[in-house]
Amino acid sequence: MIIALGVDHGGFSLKKTVSAAIEADNHEVLDLGTFDETPVDYPDYAKSVAEALLNGQAQRGILICGSGVGACVAANKIVGIRACLCHDTYSAHQGVEHDDMNVLCLGARIIGPALAVELVKSFLAAHFSGSERHKRRLKKVAALEKTPSHD
Ligand code: RB5
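Residues numbered from 1 in each chain as written. Predicted model: local features only at pLDDT ≥ 70, side-chain atom pairs only at ≥ 80, totals over all residues. Heavy atoms only, no water.

(A) Geometry of a positive patch on the surface. Taken together, the side chains of Arg-133, Arg-136, Arg-137 and Lys-140 make up a positively charged region of the molecular surface. Tracing the sequence through the fold places Lys-140 in helix 6 (residues 132-144). (Patch = residues over 30% accessible without salt bridge, like charges linked within 9 Å, V, L, I, M, F, W, Y side chains within 5 Å. Areas by Shrake-Rupley, 256 points an atom, 1.4 Å probe, with all protein chains shown as cover. Salt bridge = Lys/Arg side-chain N within 4 Å of Asp/Glu carboxyl O. Lys, Arg positive; Asp, Glu negative; His and termini not counted. Charge placed at Lys NZ, Arg CZ, Asp CG, Glu CD. Helix = DSSP H or I, 4+ residues; strand = E, 2+ residues; numbered from the N terminus.)

Written out as structure tokens, the structure reads:
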């Protein structure tokens, strides 16, 4: 898969580690920045990663900010994005299997590199189950995107 990777300055310290973990699992990195620790705005990176997924340039995304929260909130504003902040490996794979999570969010100020690698591996190895009950729930999630508050 091609993995769109976006980080802000708060996530920059984990970027090399995560990028290497993606490549170690034989996936390709689409590096959408940032490229140093100069302060930037995390919504810009959430937008870039989301657009890469929606236009087919990448199949999954990883966003890293300081806590992982801001990037996750921003990414989930975009229709078609199912982003989750996962700092445990169960959620990192179950989020894909049950909820078709397409963006993993991490907080570089919260977790260390070893756990980040485990989380990335769990996320990338997981596949949506395709089971009827999960598809039914995903349809309901998609319907929420069409509520008037999103118009
Ligand atoms: C940047 O200082 C920080 O606010 C950002 O990386 C992220 O943690 C937001 O949720």
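Anyway, onward from the coordinates.
(B) Geometry of the site of the ligand. Residues in close proximity to the ligand include Asp-8, His-9, Gly-10, Tyr-42, Cys-65, Gly-66, Ser-67, Val-69, Gly-70 and Arg-109, which together make up its full environment. Contacts to the ligand include Ser-67, whose backbone N or O atom sits 2.9 Å from an oxygen atom. The side chain of Arg-109 places a nitrogen or oxygen atom 3.3 Å from an oxygen atom of the ligand. Computed on the free molecule, the ligand has an accessible area of 290 Å², of which 72% lies beneath the protein chains in the complex. When the residues that make up the shell around the ligand are grouped by side-chain class, the tally is 3 nonpolar, 5 polar and 2 charged. (Near = heavy atom within 4 Å. Polar contact = N/O pair within 3.5 Å; in protein donor to acceptor, adjacent residues only side chain to side chain. Nonpolar A, V, L, I, M, F, W, Y, C, P; charged D, E, K, R; others polar.)

(C) Summary view of the packing of aromatic side chains. Taken as a whole and judged by the stated rule, the model has 0 aromatic pairs. Sitting above the plane of the Phe-123 ring, Arg-60 keeps its charged end 5.2 Å from the centroid. (Phe/Tyr/Trp six-rings, centres within 6.5 Å; stacked < 30°, edge-to-face > 60°. Lys NZ or Arg CZ within 6 Å of the ring centre and 35° of its normal.)

Function-wise, these values are silent; they only describe arrangement.
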